[in-house]
Amino acid sequence: MREKGTKKLHIYEGWAWREQAPEDKPDWMPETITQANVSKEGIEHLDEL
């Protein structure tokens, strides 16, 4: 993601997996849900846009 108005580029790594919903889930929630996680890897400074 490029930070608006700057030359900084934020680098992320993301992943997702499917698992069973918790036992105390609300009625509208399906039996299997998608969980996700994101990790920030760093910031790169761009010379040109």
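Residues numbered from 1 in each chain as written. Predicted model: local features only at pLDDT ≥ 70, side-chain atom pairs only at ≥ 80, totals over all residues. Heavy atoms only, no water.

The chain carries the name Nonhistone chromosomal protein in an unreviewed UniProt entry, which gives Halococcus morrhuae DSM 1307 as its organism. A UniProt comment under Function (unreviewed entry) is attached to the chain, and it reads "Protects DNA against thermal denaturation and modulates transcription." (UniProt positions renumbered as here; feature names shortened; annotations may be inferred.)

Chemist: Describe the overall build of the chain, with residues and values.
Modeler: When helices and strands are counted, the chain shows 0 helices and 2 strands. Taking the principal axes of the C-alpha coordinates as reference, the chain spans close to 50 × 20 × 15 Å. Of note, the chain has its 7 positive side-chain charges centred 11 Å away from the centre of its 11 negative side-chain charges. (Helix = DSSP H or I, 4+ residues; strand = E, 2+ residues; numbered from the N terminus. Lys, Arg positive; Asp, Glu negative; His and termini not counted. Charge placed at Lys NZ, Arg CZ, Asp CG, Glu CD.)

Chemist: How would you summarise the pattern of salt bridges if you had to cite specific residues and measurements?
Modeler: The final tally for this structure, using the stated rule, is 1 salt bridge. Of the charged contacts, one joins glutamate 31 and lysine 25 as a salt bridge, the two residues approaching to 3.4 Å between their closest N and O atoms. Glutamate 31 gets classed as exposed once you look at its relative accessible area, which sits at 52%. Here lysine 25 falls in the partly exposed class, since its relative accessible area comes to 22%. (Salt bridge = Lys/Arg side-chain N within 4 Å of Asp/Glu carboxyl O. Buried < 20%, exposed > 50% of the residue type's maximum accessible area, 1.4 Å probe, protein only.)

Chemist: Could you give an account of the environment of leucine 9, with specific residues and numbers?
Modeler: One can find leucine 9 in strand β1 (residues 8-20). The exposure class assigned to leucine 9 is partly exposed, which follows from its relative accessible area of 24%. For the pair formed by leucine 9 and histidine 45, sequence separation is 36 residues and the distance between their alpha carbons is 6.2 Å. With residues up to four places along the chain from it excluded, the contact list for leucine 9 reads Met1, Arg2, Gly42, Ile43, Glu44 and Leu46. (Contact = heavy atoms within 4.5 Å.)

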